[in-house]
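Structural characterization, general
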Amino acid sequence: MKARILRKLRTQDTIISGEELSATLGVSRVSIWKHIHKLQELGYHILSTPKGYQFISSPDILFPWEFVDQGWNILYFPEVSSTMDVARDQARKHCPDFTVVIAGRQTKGRGRLNRRWLSDDGGLYFTMVLRPPIPLQLSFKVSFLASLTLAKVIRKMLQIDAMVKWPNDILVDERKISGMLVELEAEADRVFFIALGMGINVNNDPSGAEPGASSLKKITGREVSRKDLLARFLKEFSYWMKKANFDHVISEWKKHTVTLDRHVRIVTQQAESEGLAVDVDENGALVLELADGERKKIVYGDCFFI
Ligand code: BTN
């Protein structure tokens, strides 16, 4: 009901009477009043006058009713340890495909290779639970699709040069603004679920603790709506996921990457390799040309420019 009331109020920049809202939405005026009162308590600026209600503005909080039109099963928590843990629990309890666990902040945000992910207020932290009907060997394409989609959404929404960096980071002006963590459970060749966690530095500023990082607010010089960014991303990403055609993901990803033709060091928990990044192959592996001219394929690791 909150989503329906907000949709109706947002379509008009004048006062709408309680009577009209109640007739259009098929509930009593008292019920309308109660929902509007609750929304006001939650930070929505809605004028209440004797003639009716007028929408003024909403807080940048990721309440689930803000995303109901996207067709996702939304779980929102003001604070969690890590959305990865909540998502894994939900997935094992058979939550539907296209579930997204969203947190206002995380107390134990996790990054790749056992690092932490700073998760203060103002950032965007979510994990999607996906159950694509694809073989295990193709599941990496889902994460390439997610980073590509996010880069494109950011470029379009903010007119900034967001680029993807192998394997799944987003950089603007060489600074990291988003990272992705992927966890997967499969039986034989069948993917049971993919939990794809994304952390985006939006209005938070991680650069004090992470000099190589920046945020969308620092880059654009203004507050960025987390709600709009997430709504646009979820809509776009689910559209492409439902098409289930991953044929062009890697070639499209390569058009938006900063990784190729750069000298890089790849670090995994076991080893390090250095070389010129010459390609990303159809399996998502980074192809390095080593100092002796030999080519080496790397399937997992952290990538640093040198
Ligand atoms: C990285 O670049 O190291 C990956 C960072 C992934 C962070 C996101 S925030 C939402 C989800 N929950 C976590 O604990 N981690 C991922």
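Computed from a prediction, not measured in an experiment: that's the story for all the values here.

Concerning the packing of aromatic side chains
With the rule as written, the count across this model stands at ten aromatic pairs. Aromatic pair phenylalanine 63 and tyrosine 76: ring centres 6.0 Å apart, planes at 70 degrees, arrangement edge-to-face. Taken together, the residues phenylalanine 63 in the loop between strand 2 (52–57) and strand 3 (73–80) and tyrosine 76 in strand 3 connect sequence positions 13 residues apart. For tyrosine 76, a relative accessible area of 21% translates into the label partly exposed. One Lys or Arg, lysine 165, reaches over the ring of phenylalanine 304 and ends 6.0 Å from the middle of that ring. The residue whose ring lies beneath lysine 165 is phenylalanine 305, and the NZ or CZ to ring-centre distance is 5.2 Å.

Structural notes on the domain arrangement of the chain
On domain assignment, one finds that the chain holds domain 1 (2–57), domain 2 (64–254) and domain 3 (263–305). Each of domain 1 and domain 3 has a C-alpha centre, and these two points are 56 Å apart.

Focus: the sheet that holds strand 10 (residues 263–267)
Backbone hydrogen bonds are what pair the strands of a sheet, in a parallel or an antiparallel way. Reading across the sheet, the five strands line up as 13-12-11-10-14 and stay open at both edges, with antiparallel pairing between neighbours. The strands lining the two open edges of the sheet, one partner per strand, are strand 13 (295–298) and strand 14 (302–305). Ignoring which end each strand starts from, the neighbouring axes of this sheet average 45 degrees apart. Here strand 11 (residues 272–280) runs beside strand 12 (residues 286–289); their pairing, made up of four bridges, is antiparallel. Among the inter-strand pairings, aspartate 279 is bridged to a residue of strand 12, identified as valine 287.

Observations regarding the site of the ligand
Every one of the 19 residues lining the ligand counts as a neighbour, but Ser82, Gln106, Arg110, Arg112 and Lys176 are closest to it. Interatomic distance of 3.0 Å between a side-chain N/O atom of threonine 83 and a nitrogen atom of the ligand. Within the side chain of glutamine 106, one N or O atom sits 2.9 Å away from a nitrogen atom of the ligand. Calculation on the ligand without its partners gives an accessible area of 420 Å², and the protein chains cover 99% of this total. Mapped onto the shell around the ligand, the elements with two or more residues apiece are helix 4 (83–92), strand 5 (124–130), strand 8 (175–187) and strand 9 (190–200). No other element matches strand 8, which puts four residues into the shell around the ligand. A per-class count over the shell around the ligand returns six nonpolar, nine polar and four charged.

Rules and cut-offs
Residues numbered from 1 in each chain as written. Predicted model: local features only at pLDDT ≥ 70, side-chain atom pairs only at ≥ 80, totals over all residues. Heavy atoms only, no water. Phe/Tyr/Trp six-rings, centres within 6.5 Å; stacked < 30°, edge-to-face > 60°. Helix = DSSP H or I, 4+ residues; strand = E, 2+ residues; numbered from the N terminus. Buried < 20%, exposed > 50% of the residue type's maximum accessible area, 1.4 Å probe, protein only. Lys NZ or Arg CZ within 6 Å of the ring centre and 35° of its normal. Domains from an automatic or database assignment. Pairing = 2+ DSSP bridges. Axes fitted to C-alpha atoms, helices over the stretch in contact; angles between N-to-C directions. Near = heavy atom within 4 Å. Polar contact = N/O pair within 3.5 Å; in protein donor to acceptor, adjacent residues only side chain to side chain. Areas by Shrake-Rupley, 256 points an atom, 1.4 Å probe, with all protein chains shown as cover. Nonpolar A, V, L, I, M, F, W, Y, C, P; charged D, E, K, R; others polar.

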